[in-house]
Amino acid sequence: MEELTEEQIERQDSVDNAIYQLIRELNPTADEIRWDIEMIGEVRDVIEDWIVERLKITDEQSFYPWVEE
């Protein structure tokens, strides 16, 4: 079975952390927003759609690497 490289894992972490930080920064309240990968994944999907499909500036693998099972 193919596995992600260390560089690909770092890319995933970078994307997920950037999205989480953005969500926290946009929160207009003092309420803490906990790490929720489901929420982060939904936001990531929208951003990926814009970057990959609409703007066509990169491909899916470069934006958020993954392996087929």
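Residues numbered from 1 in each chain as written. Predicted model: local features only at pLDDT ≥ 70, side-chain atom pairs only at ≥ 80, totals over all residues. Heavy atoms only, no water.

**Student:** Even after reading the chapter, I still don't get the nonpolar core, so can you show me in this structure?
**Tutor:** Among the nonpolar cores identified, the biggest contains eight residues, and these are Val15, Ile19, Tyr20, Ile23, Ile40, Val52, Phe63 and Tyr64. Within the residue set of this core, elements represented by two or more residues are helix H1 (6–26) and helix H2 (37–54). It is H1 that contributes the most residues to this core, four residues altogether. Once you skip the residues sitting within four places of it in the chain, tyrosine 20 turns out to touch Ile33, Arg34, Trp35 and Ile40. (Core = buried A, V, L, I, M, F, W, Y, C linked by side-chain atoms within 4.5 Å. Buried < 20%, exposed > 50% of the residue type's maximum accessible area, 1.4 Å probe, protein only. Helix = DSSP H or I, 4+ residues; strand = E, 2+ residues; numbered from the N terminus. Contact = heavy atoms within 4.5 Å.)

**Student:** Sorry, what's going on with the packing of H1 against H2 here?
**Tutor:** In a pair of packed helices, the angle between the axes and the distance between the axes together describe the arrangement. At a minimum axis distance of 10 Å, the contact between H1 and H2 shows a crossing angle of 100°. By the criterion of interaxial angle, the relationship of H1 to H2 is roughly perpendicular. Across the interface between the two elements, Val15, Asp16, Ile19, Tyr20 and Ile23 of H1 pack against Ile37, Met39, Ile40, Val43, Arg44 and Ile47 of H2. (Axes fitted to C-alpha atoms, helices over the stretch in contact; angles between N-to-C directions. Parallel < 35°, antiparallel > 145°, perpendicular 65-115°, else oblique.)

**Student:** Explain the environment of tryptophan 35 here, please?
**Tutor:** If you trace the backbone, tryptophan 35 turns up in the loop between H1 and H2. If we skip the residues at most four places from it in the chain, tryptophan 35 touches Asp16, Asn17, Tyr20 and Ile40.

**Student:** Sorry, what's going on with H2 here?
**Tutor:** Because each turn of an α-helix spans 3.6 residues, side chains separated by three or four positions end up pointing in the same direction. In this model H2 runs 24 Å from its N-terminal to its C-terminal C-alpha over 18 residues, within 8% of the 26 Å that 1.5 Å per residue would give. The set of residues buried in H2 consists of Ile40, Gly41, Arg44, Glu48 and Val52. Lining the buried residues of H2 we find H1 and helix H3 (60–63). If you check the start of H2, you find a side-chain oxygen 2.9 Å away from the backbone N of glutamate 38, and it comes from aspartate 36. Note on H2: the residue one or two positions beyond its end, lysine 56, has a positive phi of about 50°. (Expected span 1.5 Å × (residues − 1). Polar contact = N/O pair within 3.5 Å; in protein donor to acceptor, adjacent residues only side chain to side chain.)

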